[in-house]
Amino acid sequence: MKKIVLLAVAVAIIALGYAVSDQDSVLAANPAKASAKAAKSSTPISCQTCHADFSSLIPENHPPVKGNELSACTACHAPELTGTIDKNAYSVRMHLAHLPPKGNVDCLVCHRWQEGKSFGLTGAKESWGAPNKEEMELMKEIFTGWAASVYMDNLHAKAGISCANCHGKELPTFDVTVENTRCLACHGPMEALVKKTEPPEFKDRNPHQSHLGDIACTVCHKAHSESKVYCLGCHQNFKMTIQGAGETKP
Amino acid sequence: MMTENKDKRDNRTQVSRRTVLKGAVALSAAAVTGGFALNLAAPGLAEAMVKKLPAKWDETWDVVIIGSGFAGLAAAAEAAGAGSKAVVLEKMPTYGGNSIINGGVYASWDSKFHYRQKLNLGDDSPKQHATDTLKGGDYYNIPELVDVMVNGAEPALNWMIDEGGAQIRETVTRAGGHTAYRTHSAVAGVGREYTEALRKIAEKRGAKMVLNSEVTWIWRKDAEPASPVLGIEVKRGRRVLNIKATKAVILASGGFSQDLKMRLAHNPRLVASFNCTNQPGSTGEMIRFAQAVGADTLQMNFIQLYPFAEPETGILDTPAVYPFNGPGYGIVYVSKEGKRFVNELERRDVCAFAQINLGAGAKPTYSIFNEAMVLKMGGSNKEVEDGIAKGRFIKAASINELADKIKIPAAALTETVSKHNQYIEEGKDPDFSKPMTKVMIPLTEGPFYAVAQWPAIHHCMGGVRIDAQAQVIDVFGKIIPGLFAAGEVAGGVHGSNRLGSNAIPDAIAFGRVAGTNAAKAKSRT
């Protein structure tokens with residue numbers, strides 16, 4: 001436990017350097033210390049742990065907020081632990097605000113993590129999974145991408161969709177993929193999608209009605225890397241484009 | 001080849017390094033001899049590559065099948081059916097490899113529907129099928145392997161119809177190199193008809209399929225003849241896993257048509273400018289891994305061109321199957337000059353190089369047929385309609401009009417067609433010695449159709465050496481325990497040139513043999 005705390009402190013101090021540059025006006029004197037203190041004392045972390053002037057962070061037309069703890073936010077902005085779709089979810093708002101390009105705060109400023117054992121919010125008991133070091137690295141990488149990539153994950157982030165909306169309640173691990181039903185919860189039903197992408201000229205050149213049978217959405221649509229039109233692997237003369245293909249690709 | 005040499009060098013270093021670690025005796029031996037050379041024949045000593053056997057296995061299966069095409073799915077169905085825990089690993093994100101996009105033509109001397117007999121299309125037998133296959137392969141084929149295919153074709157077809165719900169069209173065609181009307185067509189018009197049937201059977205019997213799983217190594221301790229294949233290393237997403245096979249690994253990973261370097265290494269004539277009908281995953285690495293653990297290969301330079309691919313991209317779309325299915329019913333191939341250039345009933349290699357040899361600027365050539373041939377040659381009116389809309393089939397009321405539409409000299413095409421009509425009537429083709437038959441239809445009544453065609457790289461006849469039990473054979477002629485291969489990854493069934501519509505029966509017949517034998521293998525738990 002002691003080790004984890006030390007690590008959290010170290011990481012938070014490193015993170016501080018970046019965080020200050022962006023939002024110094026609203027930062028408390030020493031968020032790293034505050035966070036470490038919160039972790040040690042199991043006091044739930046709140047915005048005021050880091051941001052002295054909490055009220056200035058809230059948009060002008062935002063209703064008044066009571067209390068200094070996270071529950072003040074999560075009462076309205078659901079923490080999104082159920083994996084249901086809530087576009088204004090707490091997790092979306094908080095992560096986008098603290099990750100580049102808006103911020104650059106390390107995960108462990110707000111989160112507590114015991115390697116391979118638990119992961120949750122600093123000062124809160126609930127654990128959402130047991131990521132190991134490798135998985136933690138991957139989560140960081142993917143979260144950063146989600147907040148600012150040129151891929152489909154960022155398209156979702158901009159629309160207020162975060163991890164749980166696609167991956168469900170559990171923390172995603174290495175081998176997970178997103179099942180079609182998850183995509184179709186928002187983008188479906190399949191028939192509608194087929195109709196939407198039906199080419200005016202040749203109806204059988206519809207990417208959502210492939211001659212390869214029932215294929216996974218993720219064959220073409222990749223959240224965390226470049227999306228590619230799989231059809232073009234063979235049908236090189238087809239004119240087809242896809243979102244999330246990266247900046248340099250059409 | 002460069003990498004293989006490098007592997008050997010690395011291995012040499014590794015063997016001597018390990019020997020050094022064993023102690024002073026070995027150290028002095030190494031000093032005196034200058035290190036051990038790689039020697040796959042030295043039991044217990046040889047190691048094929050600088051790789052340590054996995055300390056633990058991430059997954060364990062009885063039978064691990066690499067590739068989800070005809071051969072892999074058939075193997076999975078049989079292995080699972082015999083009670084083995086079987087998994088199919090597919091590196092691509094979709095299943096079916098080249099099989100799901102192939103033309104769906106299936107050579108079998110008979111089926112449960114007996115269409116050849118019912119349509120009075122002459123006699124046939126497995127033996128006649130074997131004779132044609134051997135002749136078509138210039139007798140480079142291993143006869144025992146040919147027997148497995150011709151004898152397995154009919155039961156496998158009926159099996160897919162009965163258990164997997166596959167449907168075939170009510171006709172049989174006579175295709176290039178075959179002396180009988182034995183080519184069956186799938187209702188779907190593509191190989192998906194059979195991959196779906198096989199997948200259904202395999203899954204019903206409990207086999208599992210995992211996509212996005214690229215095998216990166218075959219685990220075998222050494223090349224001692226008794227040393228079995230233990231499992232494989234697989235890249236799945238961001239992970240590298242080791243999977244143990246307690247009974248066997250079955251290679252069903254297809255050919256290497258899409259690996260330009262490997263293709264050129266064996267057949268320098270097949271340069272990059274050739275199109276290819278294959279899906280992008282046909283890259284042959286499993287053959288190299290099999291070689292690295294001692295497997296022998298044969299006839300790797302025999303690589304087939306599909307003579308009638310879509311000229312621009314090289315894909316084998318539905319219209320591209322028509323030229324192949326048509327010759328038995330009188331289809332005519334013509335050059336841009338409106339002239340025939342080959343006996344249309346010739347084998348694929350002859351038809352392909354007859355086009356290439358027409359010289360630069362000869363692309364494309366055309367197949368000419370009429371309405372009366374469509375159903376007989378396994379086509380459908382809907383396919384023709386769709387093909388016309390896409391500009392693949394060109395339709396015209398007269399031969400003159402057709403010539404104008406495809407911009408070839410009308411007089412020449414008219415002359416060619418009327419001569420060919422006459423040859424059908426006379427039962428003799430003095431130009432190209434085509435064996436004319438009574439069921440051929442003269443191009444007298446329209447509407448007439450043309451489809452553009454050009455050869456594209458299609459099928460690797462060579463591959464890993466197997467015996468009639470689908471067991472992989474090593475470079476010394478010994479069976480490699482626990483390693484089987486079936487389908488295009490294996491060589492020797494087709495000789496120098498595979499007859500069209502022999503690929504599916506080959507893959508499925510051998511897949512079944514491999515799956516059945518793998519399930520019987522002694523378990524090494």
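Residues numbered from 1 in each chain as written. Chains lettered and ligands numbered in written order. Predicted model: local features only at pLDDT ≥ 70, side-chain atom pairs only at ≥ 80, totals over all residues.

Caption draft 1: Layout of the overall build of chain A. The number of helices and strands found in chain A is 11 helices and 2 strands. Order of helices (α) and strands (β) in chain A, N terminus to C terminus: α-α-α-α-α-α-β-β-α-α-α-α-α. (Helix = DSSP H or I, 4+ residues; strand = E, 2+ residues; numbered from the N terminus.)

Caption draft 2: Spatial organisation of the overall build of chain B. If you tally the helices and strands in chain B, you get 15 helices and 18 strands. Here the C-alpha radius of gyration of chain B, 25 Å, is about what a compact globule of 525 residues would show, namely 24 Å. Across its three principal directions, the C-alpha atoms of chain B cover 90 × 50 × 40 Å. The buried share of chain B, reckoned over its 525 residues, is 56%. Across chain B, every contact between residues at least 6 apart in sequence was considered, and the portion connecting residues at least 24 apart equals 77%. (Rg over C-alpha atoms; globule rule 2.2 N^0.38 Å. Buried ≥ 20, exposed ≤ 12 C-beta atoms within 10 Å, placed from the backbone. Contact = placed C-beta atoms within 7 Å.)

Caption draft 3: Spotlight on the packing of helix 6 (residues 143–164) of chain B against helix 7 (residues 192–204) of chain B. Residue and element names in this part refer to chain B. Here helix 6 crosses helix 7 at 65°, and the two axes come no closer than 9 Å. The element helix 6 and its partner helix 7 pack so that their crossing is left-handed. Along the contact surface, helix 6 presents Met160, Glu163 and Gly164, while helix 7 presents Tyr194, Ala197, Leu198, Lys200 and Ile201. Across the contact of helix 6 with helix 7, the residue classes tally to 5 nonpolar, 1 polar and 2 charged. (Axes fitted to C-alpha atoms, helices over the stretch in contact; angles between N-to-C directions. Left-handed = near helix turned anticlockwise from the far one by under 90°. Nonpolar A, V, L, I, M, F, W, Y, C, P; charged D, E, K, R; others polar.)

Caption draft 4: The interface of chain A and chain B, seen in detail. Across the boundary between the two partners, chain A contributes 15 residues, which contact 19 residues of chain B. Looking at the side of chain A that touches chain B residue by residue, the class counts come to 7 nonpolar, 6 polar and 2 charged.

Caption draft 5: Here's a closer look at helix 10 (residues 318–325) of chain B. Burial analysis of helix 10 of chain B places 8 of its 8 residues in the buried class, the great majority of the element. Within the span of helix 10 of chain B, buried status applies to Thr318, Pro319, Ala320, Val321, Tyr322, Pro323, Phe324 and Asn325 of chain B.

Caption draft 6: The arrangement of the pairing of strand 8 (residues 229–236) of chain B in detail. Residues and elements named next belong to chain B. Across 7 bridges, strand 7 (residues 213–220) lies against strand 8 in antiparallel orientation. Following the sheet pairing, tryptophan 217 is matched in strand 8 by glutamate 233. Bridge count between strand 8 and strand 9 (residues 239–251): 6 bridges; the pairing is antiparallel. Residue glutamate 233 lies in a different strand from strand 9, and its bridge partner there is asparagine 242. (Pairing = 2+ DSSP bridges.)

Caption draft 7: How the structure looks around the nonpolar core. Counting residues in each nonpolar core, the largest one holds 144 residues, and the members touching the most others are Ile65, Ile250, Ala485 and Ala486 of chain B. If we skip the residues at most four places from it in the chain, alanine 485 of chain B touches Ile250, Leu251, Val464, Ile466, Ala470, Val472, Ala490 and Ala514 of chain B. Core analysis: the second largest hydrophobic core is formed by 9 residues, Ile45, Cys107, Leu108 and Phe119 of chain A among them. (Core = buried A, V, L, I, M, F, W, Y, C linked by C-beta atoms within 7 Å.)

Caption draft 8: Main features of the environment of methionine 160 of chain B. In this structure, methionine 160 of chain B sits in helix 6. When residues no more than four places from it in sequence are discounted, the contact partners of methionine 160 of chain B are Ala166, Tyr194, Ala197 and Leu198 of chain B.

Caption draft 9: Molecular detail of the packing of helix 6 of chain B against helix 15 (residues 503–520) of chain B. All names here are of chain B. Closest axis-to-axis distance for the helix 6/helix 15 pair is 8 Å, and the angle between their directions is 90°. When the axis of helix 6 is compared with that of helix 15, the two are roughly perpendicular. Listed contacts from helix 15 to Val148, Met149, Gly152, Ala153 and Ala156 of helix 6 are Pro505, Asp506, Ile508, Ala509, Phe510, Arg512 and Val513. Residues belonging to the contact of helix 6 with helix 15 are distributed by class as follows: 9 nonpolar, 1 polar and 2 charged. (Parallel < 35°, antiparallel > 145°, perpendicular 65-115°, else oblique.)

Caption draft 10: Main features of the domain arrangement of chain A. Residues and elements named next belong to chain A. For chain A, the assigned domains read domain 1 (2–167) and domain 2 (180–233). At the junction of the two partners, domain 1 supplies 7 residues and domain 2 supplies 10 residues. Only helix 7 (133–148) and helix 8 (152–158) provide two or more residues apiece to the side of domain 1 that touches domain 2. Among the residues forming the side of domain 1 that touches domain 2, the class breakdown is 5 nonpolar, 1 polar and 1 charged. (Domains from an automatic or database assignment.)

Caption draft 11: View of the confidence of the model for chain B. All names here are of chain B. Model confidence for chain B is summarised by a mean pLDDT of 92, while 90% of its residues fall at 70 or above. Here residues 1–33 scores under 50 on pLDDT; set against residues more than four positions off or in separate chains, the count is 29 contacts. Model confidence for the complex is summarised by a pTM of 0.87, with the ipTM given as 0.86. (pLDDT = per-residue confidence, 0-100.)

Caption draft 12: Main features of the sheet that holds strand 5 (residues 183–186) of chain B. All names here are of chain B. Taken in spatial order, the 3 strands of this open sheet run 3-5-4, and their pairing is antiparallel. Each of the sheet's edge strands pairs with one partner strand only, and the pair in question is strand 3 (105–107) and strand 4 (168–173). For this sheet the average axis-to-axis angle between neighbouring strands, irrespective of direction, equals 30°. Pairing analysis gives 3 bridges linking strand 4 to strand 5, with the strands arranged antiparallel. Looking at the pairing, isoleucine 168 lines up with alanine 186 of strand 5.

Caption draft 13: Spotlight on the environment of glutamine 469 of chain B. Residues and elements named next belong to chain B. As for its position among the elements, glutamine 469 is in the loop between strand 16 (463–464) and strand 17 (471–473). As a C-alpha pair, glutamine 469 and glutamate 144 span 325 residues in sequence and 9.8 Å in three-dimensional space. Residues in contact with glutamine 469, not counting those within four places in the same chain, are Val513 and Asn517.

Caption draft 14: Structural context of unusual backbone geometry. A cis geometry characterises the amide bond from glycine 188 of chain A onward to proline 189 of chain A, with omega recorded as 0°. On the secondary structure map, proline 189 of chain A appears in the loop between helix 10 (180–187) and helix 11 (190–196). Of note, the amide linkage connecting lysine 363 of chain B to proline 364 of chain B takes the cis form, showing an omega dihedral of 0°. Position of proline 364 of chain B relative to the elements: it lies in the loop between helix 11 (348–356) and strand 13 (365–370). Positive phi outside glycine occurs at aspartate 138 of chain B, with the angle close to 55°. Examined against the element boundaries, aspartate 138 of chain B turns out to sit in the loop between helix 5 (126–136) and helix 6. A positive phi angle, close to 55°, is found at glutamine 299 of chain B, a residue other than glycine. Take glutamine 299 of chain B: it is sitting in the loop between strand 10 (297–298) and strand 11 (303–309). Look at glutamine 299 of chain B and you get buried, because 22 C-beta atoms sit within 10 Å.

Caption draft 15: Structural view of the confidence of the model for chain A. Per-residue pLDDT for chain A has a mean of 78; in total, 77% of the residues score no lower than 70. Looking over chain A, one finds the lowest element-wise mean pLDDT in helix 1 (residues 2–23) of chain A, namely 36, and the highest in helix 11 of chain A, namely 95.

Caption draft 16: Highlighting helix 3 (residues 70–81) of chain B. Residues and elements named next belong to chain B. With 12 residues, helix 3 extends 16 Å from end C-alpha to end C-alpha; this agrees with the ideal 16 Å at 1.5 Å per step. Within helix 3, 12 of the 12 residues are buried, which leaves it mostly tucked inside the rest of the structure. Looking at helix 3, one finds that the buried residues are Phe70, Ala71, Gly72, Leu73, Ala74, Ala75, Ala76, Ala77, Glu78, Ala79, Ala80 and Gly81. (Expected span 1.5 Å × (residues − 1).)

Caption draft 17: Broad picture of the environment of serine 127 of chain A. Residues and elements named next belong to chain A. With respect to the secondary-structure elements, serine 127 resides in the loop between strand 2 (118–121) and helix 7. Separated by 43 residues in sequence, serine 127 and glutamate 170 have C-alpha atoms that sit 9.9 Å apart. Not counting residues up to four positions away in its chain, the partners in contact with serine 127 are Ser118, Phe119 and Gly120.

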